[in-house]
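Listed below, chain by chain, are the residues.
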Amino acid sequence: LINPTNAVEINNKFFVNLFQPLGLAYVASSLEKNKIKVEILDALAEGFDTENIYEDRKVLGLSYEDIKKKIKQYKPQIIGISTPFSFQTGEAHQMARLAKEVNPRIIVVAGGTHATIQPQEILNDKNFDYVIRGEGEYSFLEFVKNIKNKKSVKKIAGLSYKDNKNELINNPKNPPILKLDNLALPARHLLPMEKYNQASKKGKVNEGLLSFGKNRTSIITSRGCPFTCTFCSVNPIMTRCWRGRSPKNVIKEIKSCVNKYHIKYFDILDDNFTLDPNRAKEICRLIIKNKLKITWSTPNGIRADKIDDELIKLMKKAGCLQVKVAPESGSQKVLNNIIKSLSDKTHKVQI
């Protein structure tokens, strides 16, 4: 599984802003749970302090030569490439090219936000064989099992591919994963955790000022969003079915990170951490009860109508340093008729 390098124009002063590919870590843990050998190559993190010039762009991360060496060393049958951001998708295409140069028989699969929304664009590149749309833990697992057992993959939910006539086939969506507690915790042991710590000390992380100098990680405690904002990519990926992990399951992961990796700072990457205020309060109470000396923030934002005084006080006491609130617009007419940030309550579910 590959998290691609980043690229900018040669004269661009932009520096690498590191993130931990939790999506890949969740997929990896699902494969490991089923006794399937898997590795993660975070090409961005492994070379976060390295710049390589290729034609008209500056690439941040491992060199293409080093990436090819690692692929040759591992000898994978399947490579899954993450496409978390549309503006960086060019590097995902480069990773696919490198894989096919090493061995044209490697099966190359794309997943993530961009691939889910634009499977046609991805599959127009002959170096990509398939796209897994939406949540990948179960669909990609089924895909790998079928390849391993020499079975057809053509009917797997969420799969996109080109048929013999070069026409795009989009299988029906895979259903949202309802019981998130049943997922294995992200395979952080396959991530270069020390690289993220080094980058944190240099301020090269998404929330650099908050985590500066601290061992840090990201965590996702819920998925999905019942609101219908027109600009957002969450609904096509995670659906309008909001699902929250149990507070006990969340604390289990936090404790694991503190004990194994000495994590001091967490980015809670939920799109709606406080959508169920009572659940959020219980998570805070458990952090306090377990005397977990951590700090954290909600960089993706919370809704102002899903918090109250009690919750804010509990969040502060539990170590929250910062919340981001997205008002979107000061005009109710714009909110209702253009952004359409209304709740579709039929899609909200609480686990």
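Residues numbered from 1 in each chain as written. Predicted model: local features only at pLDDT ≥ 70, side-chain atom pairs only at ≥ 80, totals over all residues. Heavy atoms only, no water.

Structural notes on the overall build of the chain
Moving on, step 1. Within the chain one finds 14 helices and 16 strands.
Moving on, step 2. A compact globule built from 351 residues should have a C-alpha radius of gyration of about 20 Å, and the chain, at 20 Å, falls within 12% of that.
Moving on, step 3. Each principal axis of the C-alpha atoms in the chain carries an extent, and together these give about 60 × 45 × 45 Å.
Moving on, step 4. Across the 351 residues that make up the chain, the buried fraction comes to 53%.
Moving on, step 5. A fraction of 71% describes how many contacts in the chain between residues 6 or more apart in sequence connect residues 24 or more apart.
Moving on, step 6. For the chain, the accessible surface area stands at approximately 17300 Å², while carbon and sulfur atoms represent 51% of it.
Moving on, step 7. For the chain, the distance from the average site of its 58 positive side-chain charges to the average site of its 36 negative ones is 6 Å. (Helix = DSSP H or I, 4+ residues; strand = E, 2+ residues; numbered from the N terminus. Rg over C-alpha atoms; globule rule 2.2 N^0.38 Å. Buried < 20%, exposed > 50% of the residue type's maximum accessible area, 1.4 Å probe, protein only. Contact = heavy atoms within 4.5 Å. Areas by Shrake-Rupley, 256 points an atom, 1.4 Å probe, with all protein chains shown as cover. Lys, Arg positive; Asp, Glu negative; His and termini not counted. Charge placed at Lys NZ, Arg CZ, Asp CG, Glu CD.)

Digging into unusual backbone geometry
Moving on, step 1. Of note in the backbone geometry, Lys-150 takes a positive phi value of approximately 60° without being a glycine.
Moving on, step 2. When you line up the elements, Lys-150 lands in the loop between helix H7 (137–148) and strand E9 (159–162).
Moving on, step 3. Positioned with a positive phi, Asn-166 is a non-glycine residue whose angle comes to about 65°.
Moving on, step 4. Of note, Asn-166 is situated in the loop between E9 and strand E10 (168–170).

Describing the sheet that holds strand E16 (residues 320–325)
Moving on, step 1. Read across the sheet, four strands follow the order E11-E14-E15-E16 without closing on themselves; strand pairing throughout is parallel. Each edge of the open sheet is held by one strand with a lone partner, namely strand E11 (216–219) and E16. Here the strands of the sheet are splayed against their neighbours by 15° on average, with no regard to which way each runs.
Moving on, step 2. Relative to strand E15 (residues 295–302), strand E14 (residues 265–268) runs parallel, the two being bridged by three bridges. Across the sheet, residue Phe-266 finds its bridge partner in E15, namely Trp-296. (Pairing = 2+ DSSP bridges. Axes fitted to C-alpha atoms, helices over the stretch in contact; angles between N-to-C directions.)

Section: the pairing of E9
Along any regular strand the residues' side chains alternate between the sheet's two faces.
Moving on, step 1. Pairing analysis gives two bridges linking strand E8 (residues 130–132) to E9, with the strands arranged antiparallel. The residue of E9 that forms the bridge with Ile-132 is Leu-159.
Moving on, step 2. Hairpin geometry of E9 and E10 is characterised by an intervening segment of five residues between the two adjacent antiparallel strands and by a positive phi of about 65° at Asn-166.

A closer look at the environment of Gly-111
Moving on, step 1. Inspection of the secondary structure assignment puts Gly-111 in strand E7 (residues 107–111).
Moving on, step 2. Contacts of Gly-111, omitting those with residues within four sequence positions, involve Ile-81, Ser-82, Thr-83 and Ile-132.

Overview of helix H12 (residues 277–289)
Moving on, step 1. With 13 residues, H12 should reach 18 Å at 1.5 Å per residue; the first-to-last C-alpha distance of 18 Å fits that figure.
Moving on, step 2. Considering only its buried residues, H12 is in contact with strand E12 (222–223), strand E13 (243–244), helix H11 (247–261), E15 and helix H13 (309–317).
Moving on, step 3. Two residues or fewer past H12, Lys-291 is found with a positive phi of approximately 55°. (Expected span 1.5 Å × (residues − 1).)

Focus: the packing of aromatic side chains
Moving on, step 1. Under the definition given, this model contains seven aromatic pairs.
Moving on, step 2. Consider the rings of Phe-19 and Phe-85, whose centres lie 5.4 Å apart with planes at 85°: the pair is edge-to-face. Here Phe-19, found in the loop between strand E2 (6–9) and helix H1 (22–33), pairs with Phe-85, found in the loop between strand E6 (78–82) and helix H4 (89–102); they are 66 residues apart in sequence, far enough to count as distant.
Moving on, step 3. Of the residues examined, Phe-19 reaches a relative accessible area of 14% and is grouped as buried.
Moving on, step 4. Judged by relative accessible area, Phe-85 falls into the partly exposed class, the value being 39%.
Moving on, step 5. Relative to Phe-143, the ring of Tyr-130 lies with its centre 5.1 Å away and its plane at 70°, an arrangement referred to as edge-to-face. Linking Tyr-130 in strand E8 with Phe-143 in helix H7, this pair joins segments that are 13 residues apart in sequence.
Moving on, step 6. By relative accessible area, Tyr-130 is classed as buried at 15%.
Moving on, step 7. Given the relative accessible area of 0%, Phe-143 is considered buried. (Phe/Tyr/Trp six-rings, centres within 6.5 Å; stacked < 30°, edge-to-face > 60°.)

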